[in-house]
Amino acid sequence: MSTQIQNEQGVGLLTGSSAPNKSSEGPKKDSPQKARGQWANKAEYLLAVVGHIVGLGNIWRFPYLCYKNGGGVFLVPYLLFLVLSGIPLFLLETSMGQYTSLGGVMAWRNFCPLFGGVGYATQLLVLHGNVYYITVLVWALFYLVNSFQWPLPWSHCNNTWNTENCFVSEGRNLTANGTALPENGMSSVMEFWEREVLQLSSRMEDLSPVSWRLALCLLGIWILCYFSVWKGVKSTGKVVYFTATFPYVTLLVLLIRGVTLPGAGDGIIYYLKPNYVRLADPQVWMDAGTQIFFSSGVCMGCLIALGSYNRFNNDCLKDCFTLCILNSATSIVAGFAVFAILGFMAQEQGIDISEVAQSGPGLAFIVFPRAIAMMPFPQFWGVCFFLMIILLGLDSQFVGIESLMTSLTDLYPTFVRKGYRRELLLLLMSIVSFLLGLILTTPGGLYVFQIYDHYSYSGPGLLLLSILETLAVGWIYGSDRYCDVLQSMTGYRPWPIFKVCWSYVTPAFCVGIFVFSLVWWPPVTLAKGVVAPGWAIALGWLLCLSNISPLPLWTTYALLTTPGSLRQRICQLRNGAFTPSPENEFQATELQPPAPKTDAKVTSDLDVSGLETPSEGLA
């Protein structure tokens, strides 16, 4: 059977196979088609994944979601989702890429052709991220450039953009005499953020003019991204040695500084003390679930792409636990640093911690600059911090770009792997994303950014993708068979809890939160208390639907183009006849995972119908 499968499917699979290892023959010297590439060693893979999952979601998004959802109570659903959804999905995606040696699109098409649209949906999600996520790096670069000024421009009120209501504090309670704070006062840090960086309008409709300084920062970030990934995994693997390690040093320094400030204890108590009443709020659970998916990088195709460059016998199960725990630990530690500084800011202003700053995407650009301004040699620490933000974001950004390029290369290998076509295609994608991103550099750009964050790059779209991924593994392909896949690579079977999560727990959690989010959907409140207008909400749902639109379209196309009755078509498309890459030296002798020993329902007829010609109409 395995020989027959190899003969019948060899042509289609070879188009998406992984690059040969050093010990394999690889492409002939006279072949115009370039090799796909592979990690030079295990460290490059681990650092690349760390760079992808440990990013702005930890330093920027996690603290502001904690702040928004009542502090410590957010940790309860967050940790629950981590164990029951985040880790199982993380293992599913990394192992699928490692086994198939394919990117997000081709891996799903070969693994479960009926759900092949999942791969396309994940790549659309990454495309939206190219426009939305990179904006945070633009803000960070703007702060980095201004960190070279003496004194720091956000540390005083003598700038042209400051108003008469601006105030500066030096670590003392400004409300001690009842008159120190001006009416409607705004700190110098807040005014720099809103009036100088964003030039924020009070109306979402103000989408012009483009800020030329932010546009230059956007161009600079895209140039960095392009040259980080233009040579594929070879260049990406080298860049992550620095970009994935330096941020931890800076974060540790800011944490030490934060906990030594007066009032830091109150902030940490607010961070850790849960208000269990908030657990009845579906929005808290939805934010916790989407944050796990956002921060872990699941349902975006990136983990599949990164895993596809691994050797076949890599212990992906051990890597999964190590990387997921490191990711969440980084988020929690960053939360300590943020809330320690929030406690200090609340004490000096004489207000409650929940009122000290707006819980929005700019929280990290308000809290950390305030702490930096009070440190010795603030210019030095400002440069280090904002360089850290840029490096954290760059990791995630160019991994997403690499995921897109991997999928395109696997779909059209004979076209992309010749000459400089890959570099030119990457350049075209970067230019288009840059032009679309200019809208986020306008006075109303922050509001558009929040719409992207709420609907497109997180929220219902991610939840729906997670539901479909677990259904494909737990019910269509079969969790027992997938455990056989893992055993063929690692030499041992995963714990039974993974089968339970793939089949029941993870989809049940995600379905519950998804239904709650649809039934109870409060008005979307943006920065400065602006309630999103109807057209903005319609735009958000349009972005969300565009992410998931490939799912029904692909399933319909697959069923229409596959021969046979409806039952025969479903049987053929439920289980793809994917095999390990023929170029992989660890392929061994079995091209298919062994049939599940306990599954008596899988008959030889079903095996033949499901594996012999799974997608003739899809080839």
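Residues numbered from 1 in each chain as written. Predicted model: local features only at pLDDT ≥ 70, side-chain atom pairs only at ≥ 80, totals over all residues. Heavy atoms only, no water.

## Let's talk about helix 20 (residues 445-456)
With 12 residues, helix 20 extends 15 Å from end C-alpha to end C-alpha; this agrees with the ideal 16 Å at 1.5 Å per step. With 11 of 12 residues buried, helix 20 lies mostly within the body of the structure. Those residues of helix 20 lying buried are Gly445, Leu446, Tyr447, Val448, Phe449, Gln450, Ile451, Tyr452, Asp453, Tyr455 and Ser456. (Helix = DSSP H or I, 4+ residues; strand = E, 2+ residues; numbered from the N terminus. Expected span 1.5 Å × (residues − 1). Buried < 20%, exposed > 50% of the residue type's maximum accessible area, 1.4 Å probe, protein only.)

## As for the packing of aromatic side chains
Across all of its chains, the model carries 40 aromatic pairs by this definition. Between tryptophan 139 and phenylalanine 449, the aromatic rings sit 5.0 Å apart at their centres with planes inclined by 50°, giving tilted as the arrangement. Pair noted here: tryptophan 139 is in helix 7 (residues 134-146) and phenylalanine 449 is in helix 20, with a separation of 310 residues, a long-range link. The pair tryptophan 139 / phenylalanine 449 is uniform in exposure class, with both members buried. The interplanar angle of 10° and the centroid separation of 6.4 Å between the aromatic rings of phenylalanine 365 and phenylalanine 386 together place this pair among those described as stacked. Of the two residues, phenylalanine 365 is situated in helix 16 (residues 364-373) and phenylalanine 386 in helix 17 (residues 378-411); the sequence distance between them amounts to 21 residues. With respect to burial, phenylalanine 365 and phenylalanine 386 carry one shared label: buried. (Phe/Tyr/Trp six-rings, centres within 6.5 Å; stacked < 30°, edge-to-face > 60°.)

## A word on the side chain of histidine 156
Its place among the elements puts histidine 156 in the loop between helix 7 and strand 1 (166-167). Here asparagine 158 takes part through its backbone nitrogen, which lies 3.1 Å from a polar atom of the side chain of histidine 156. In this structure histidine 156 touches Pro151, Asn162, Val168 and Ser188, once residues within four positions along its chain are discounted. (Polar contact = N/O pair within 3.5 Å; in protein donor to acceptor, adjacent residues only side chain to side chain. Contact = heavy atoms within 4.5 Å.)

## Remarks on the UniProt feature "binding site: Na(+)" (unreviewed entry) in the protein
The UniProt record marks Gly51, Val54, Asn58, Ser295, Asn327, Leu392, Asp395 and Ser396 with the feature "binding site: Na(+)" (unreviewed entry), using the residue numbering of this structure. Annotated residues spanning 346 residues; largest pairwise C-alpha distance 13.7 Å, indicating a single compact cluster. Inspection of the secondary structure assignment puts glycine 51 in helix 2 (residues 42-53). Position of asparagine 58 relative to the elements: it lies in helix 3 (residues 56-68). For asparagine 58, a relative accessible area of 0% corresponds to the buried category. Not counting residues within four places of it along the chain, the set of residues in contact with asparagine 58 comprises Ile53, Pro63, Ser295, Asn327, Thr330, Ser331 and Ala334. A polar contact of 2.9 Å, which involves the side chain of asparagine 58, links it to the backbone oxygen of asparagine 327. (UniProt positions renumbered as here; feature names shortened; annotations may be inferred.)

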